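What the coordinates show
These are the residues of each chain, in order.
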Amino acid sequence: MTMFNWGPTQPPNEPQGPQPFTRERWDAVLNSLEIKFGQDDDGDRFADWETMRLWFLVEGNNNDLMAMRSMWDVRPPVAAYDFVLEAVNSWNRDHFWPKASVVRGEEHLGVFGDLVIDIETGVNDDFLRQQVRCMVGTSGQMYEYLTEQFPESKDWFNAGEE
């Protein structure tokens with residue numbers, strides 16, 4: 001007997017144990033978390049939050065990598081590259097995830113957060129839900145950290161306001 005009875009963590013008809021991973025598995029997981037999401041031309045799922053877009057991906061030659069990638073809605077100017085890179089490196093040094101990166105475009109920078117997990121042996125939906133919760137929370141913390149590091153970011157281009 002456990003000290004707490006929080007009830008089952010899986011919906012009643014959900015398979016027990018690890019199951020093969022597919023893009024369609026994202027649908028059930030995101031719906032169970034009441035996340036409104038879309039699907040892009042490549043079949044990848046995505047959802048938008050106040051400061052970011054988050055993609056839910058299946059990668060690898062055998063669909064054996066579960067990946068989530070967030071992108072900050074704010075697009076720093078290219079001139080801020082060195083400063084943003086330094087802030088992102090500090091984040092990576094102090095946090096395990098998401099791993100952050102900066103990509104230089106013609107006029108703006110893209111700031112990304114990534115979480116990739118090898119799920120070759122299968123995965124259950126509880127694990128996927130936990131990873132989604134963690135990625136949403138920690139990505140939000142990372143973009144909040146960047147907003148604090150760059151108060152001028154309120155004047156930078158914001159793709160989320162388009």
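Located above this text is the structure these notes cover.
Since the structure is predicted, the reported quantities are computational estimates derived from the model, not experimental observations.

Parameters and conventions
- Residues numbered from 1 in each chain as written.
- Predicted model: local features only at pLDDT ≥ 70, side-chain atom pairs only at ≥ 80, totals over all residues.
- Heavy atoms only, no water.
- Pairing = 2+ DSSP bridges.
- Helix = DSSP H or I, 4+ residues; strand = E, 2+ residues; numbered from the N terminus.
- Contact = heavy atoms within 4.5 Å.
- Axes fitted to C-alpha atoms, helices over the stretch in contact; angles between N-to-C directions.
- Buried < 20%, exposed > 50% of the residue type's maximum accessible area, 1.4 Å probe, protein only.

Turning to the sheet that holds strand S6 (residues 99-104), a few remarks are in order. Strand order in the open sheet formed by six strands is S1-S2-S3-S4-S7-S6, and the pairing between neighbours is antiparallel. Two strands in the sheet have a free side with no partner beyond their single neighbour: strand S1 (38-39) and S6. Sheet topology note: the strand S2 (residues 45-48)/strand S3 (residues 52-59) ladder contains four bridges and is antiparallel. By the bridge assignment, Arg45 is partnered in S3 with Phe56. Its contacts with the sheet place helix H3 (residues 125-149) against S3, strand S4 (65-72), S6 and strand S7 (109-118), and it is angled at close to 25 degrees to S4.

Let us look at unusual backbone geometry. Along the chain, Trp97 connects to Pro98 via a cis peptide bond; the corresponding omega equals -5 degrees. Mapped onto the fold, Pro98 is located in the loop between helix H2 (81-94) and S6. For Glu34, which is not a glycine, the phi torsion comes out positive at approximately 60 degrees. Turning to its location among the elements, Glu34 is positioned in the loop between helix H1 (23-32) and S1. Overall, the relative accessible area of 72% leaves Glu34 in the exposed class.

The buried fraction of S3 is high, at six of eight residues. Where S2 folds back on S3, the antiparallel hairpin that results is connected by three residues. Of the pairings in the sheet, the one linking S3 to S4 comprises eight bridges and is antiparallel in character. Counted as the bridge partner of Leu57 is Ala67 from S4. Taking the residues between adjacent antiparallel strands as the criterion, S3 and S4 are bridged by five residues, where Gly60 takes a positive phi near 95 degrees.

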